[in-house]
Amino acid sequence: MSAPYVKFVSQKINKIRWRPSPNPSLEQSTVFATGSWDDEPGQLRVSVWELEPQSEAPPTGDVAEELKLLCDVQHPGDVTALQYLNNDIILTGSSNGTVTVYKHHHRSQTLSAMSSYQHLHGGAAKHHNSCTGVACRELEVATVGEDRTINVLHLEQKTPVRTFDKADSCTINSVAFLKQNELATTNSFGQLKIWDLRQVGSRPARMLLLTGERVPLHCLDKHPTQPHVIATGGQNGMLGVWDLRQEKYPATLLSAHSGDLWEVKFHPTRPDHLFTCSEDGSTWHWDSSAVKEALQAGKTGCRLRSEGQLISFVLKDIL
């Protein structure tokens, strides 16, 4: 493995997302977006960067790259959510509850706001609730926030097409599309909830929860090819793998980080690989290919490799 590339960018980066590649199985993306936080008003930014090969290879023989800022734009509040809709449309959520749609103009290398849903996650004046998560599926967007509300947007319309008002009794921390009419969310009570957009009312279709002490679930991601498999990250640093075919509880809980687990992501084309990052300052690369091999061989236990560590667990038939 080559050495990591490090660059000082004079911002506190809160969110980062790779731009999707037109041919992900053949070509890796070299462009990504970042969102900053905890800075002076007017200094908060959404930025687009590109990794470019260096003109001269380093003496170690590694393929070295340089980070180039393509464009950036001022953002209204901390960037609390960030998502690519396609290779030139970026959605952001803000600490003031606003959701903004940006377009990356490749020829001029500029970012412009196409539309904005002002203070979508409301609250009293001067006390707007934060938008904590956004998810995209074609032109449909789902947003969640501290106001315990789920909004479903269509980017060709100026107002939400569906609102689950007070959908939860605590902050909703993350959201993902499972299917065209199905959402998954996590909350600060340690619950994973499934929502059917075809149902009337503001009640979830299903609710799954952690056993024991209620620990907030900060993040989730859906397996790219098997939508019944979901990974979550919690305040206690635990990585949870859930099988939605089971009744209520996660199939596997893994002791991971020593601090809050803030992000969990499956690799889009190699879903045996999972990545987590934490308040403890570490990013872990989990390789679950051994799990798949063991399942195919009919074994009932194996080990999951995680950034130089081996963690034992009992296999469930979830992959």
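Computed from a predicted model, the values in this text were never measured in an experiment.

Novice: Could you clarify how one ought to interpret the overall build of the protein chain in this entry?
Specialist: When helices and strands are tallied, the protein chain shows one helix and 25 strands. Put simply, the protein chain has 319 residues, and 45% of those count as buried. If you take every contact in the protein chain between residues at least 6 apart in sequence, the share linking residues at least 24 apart comes to 41%. Split by element, the accessible area of the protein chain, about 16700 Å² in all, is 48% carbon and sulfur.

Novice: Whenever I open this one, the sheet that holds strand β10 (residues 140–145) confuses me. Can you help?
Specialist: Backbone hydrogen bonds hold the strands of a sheet together, and the pairing may be parallel or antiparallel. The antiparallel open sheet is built from four strands, whose spatial order is β9-β10-β11-β12. Looking at which strands have only one partner, the edges of the open sheet turn out to be β9 (131–137) and β12 (162–164). Sheet twist, expressed as the mean angle between neighbouring strand axes with direction ignored, is 15 degrees. Strand direction decides the pairing type here: β9 and β10, joined by six bridges, are antiparallel.

Novice: Whenever I open this one, the pairing of β10 confuses me. Can you help?
Specialist: Regular strands show a simple pattern: their side chains alternate between the two faces of the sheet. With five of its six residues buried, β10 lies for the most part within the structure. Linking β9 to β10, which pair antiparallel, is a turn of two residues; within it Glu138 sits at a positive phi near 55 degrees. Remark: four residues form the turn of the hairpin made by β10 and strand β11 (residues 150–154), two consecutive strands paired antiparallel; Arg148 in that turn has positive phi of roughly 70 degrees.

Novice: Which parts of the structure should I look at to understand the environment of Gly77?
Specialist: As for its placement among the helices and strands, Gly77 is situated in the loop between β4 (65–74) and β5 (79–84). The sequence separation of Gly77 and Asn96 amounts to 19 residues, and the corresponding C-alpha distance is 6.0 Å. Apart from residues no more than four positions distant in its own chain, Gly77 is found in contact with Leu44, Ser94 and Ser95.

Novice: So what exactly am I meant to see when it comes to the environment of Lys193 here?
Specialist: Here Lys193 is to be found in strand β15 (residues 191–196). Given the relative accessible area of 8%, Lys193 is considered buried. Considering only alpha carbons, one finds Lys193 and Pro204, eleven residues apart in sequence, at a separation of 6.3 Å. Residues in contact with Lys193, not counting those within four places in the same chain, are Ala167, Asp168, Leu183, Ala184, Thr185, Asn187, Pro204, Arg206 and Met207. At 3.0 Å, the side chain of Lys193 forms a polar contact with the side chain of Asp168.

Novice: What's the story with the packing of aromatic side chains in this structure? I'm lost.
Specialist: The geometry of an aromatic ring pair is captured by the separation of the ring centres together with the interplanar angle, meaning the angle of the planes. Evaluation of the coordinates by the stated rule reveals three aromatic pairs. With a centroid separation of 5.2 Å and an interplanar angle of 70 degrees, the aromatic rings of Trp18 and Phe32 are classed as edge-to-face. In this pair, Trp18 sits in strand β1 (residues 13–18) while Phe32 sits in strand β2 (residues 31–36), placing the two residues 14 residues apart along the sequence. Aromatic side chains Trp284 and Trp286 sit 5.4 Å apart centroid to centroid with 45 degrees between the ring planes, which places their arrangement in the tilted category. Owing to a relative accessible area of 11%, Trp284 belongs among the buried residues under this scheme. According to the relative accessible area criterion, Trp286 is buried, its value standing at 1%. Sitting above the plane of the Phe189 ring, Arg214 keeps its charged end 5.3 Å from the centroid.

Novice: Would you mind showing me how to read the sheet that holds strand β13 (residues 172–179) here?
Specialist: Spatially, the four strands line up as an open sheet ordered β13-β14-β15-β16, and their pairing is antiparallel. Each of the sheet's edge strands pairs with one partner strand only, and the pair in question is β13 and β16 (206–209). Put simply, the sheet's adjacent strands are angled 20 degrees from each other on average, direction ignored. In this sheet, β16 lies alongside β15 in antiparallel orientation, the contact comprising four bridges. Looking across to β16, one finds that Gln191 is bridged to Leu209.

The rules behind these values
- Residues numbered from 1 in each chain as written.
- Predicted model: local features only at pLDDT ≥ 70, side-chain atom pairs only at ≥ 80, totals over all residues.
- Heavy atoms only, no water.
- Helix = DSSP H or I, 4+ residues; strand = E, 2+ residues; numbered from the N terminus.
- Buried < 20%, exposed > 50% of the residue type's maximum accessible area, 1.4 Å probe, protein only.
- Contact = heavy atoms within 4.5 Å.
- Areas by Shrake-Rupley, 256 points an atom, 1.4 Å probe, with all protein chains shown as cover.
- Pairing = 2+ DSSP bridges.
- Axes fitted to C-alpha atoms, helices over the stretch in contact; angles between N-to-C directions.
- Polar contact = N/O pair within 3.5 Å; in protein donor to acceptor, adjacent residues only side chain to side chain.
- Phe/Tyr/Trp six-rings, centres within 6.5 Å; stacked < 30°, edge-to-face > 60°.
- Lys NZ or Arg CZ within 6 Å of the ring centre and 35° of its normal.

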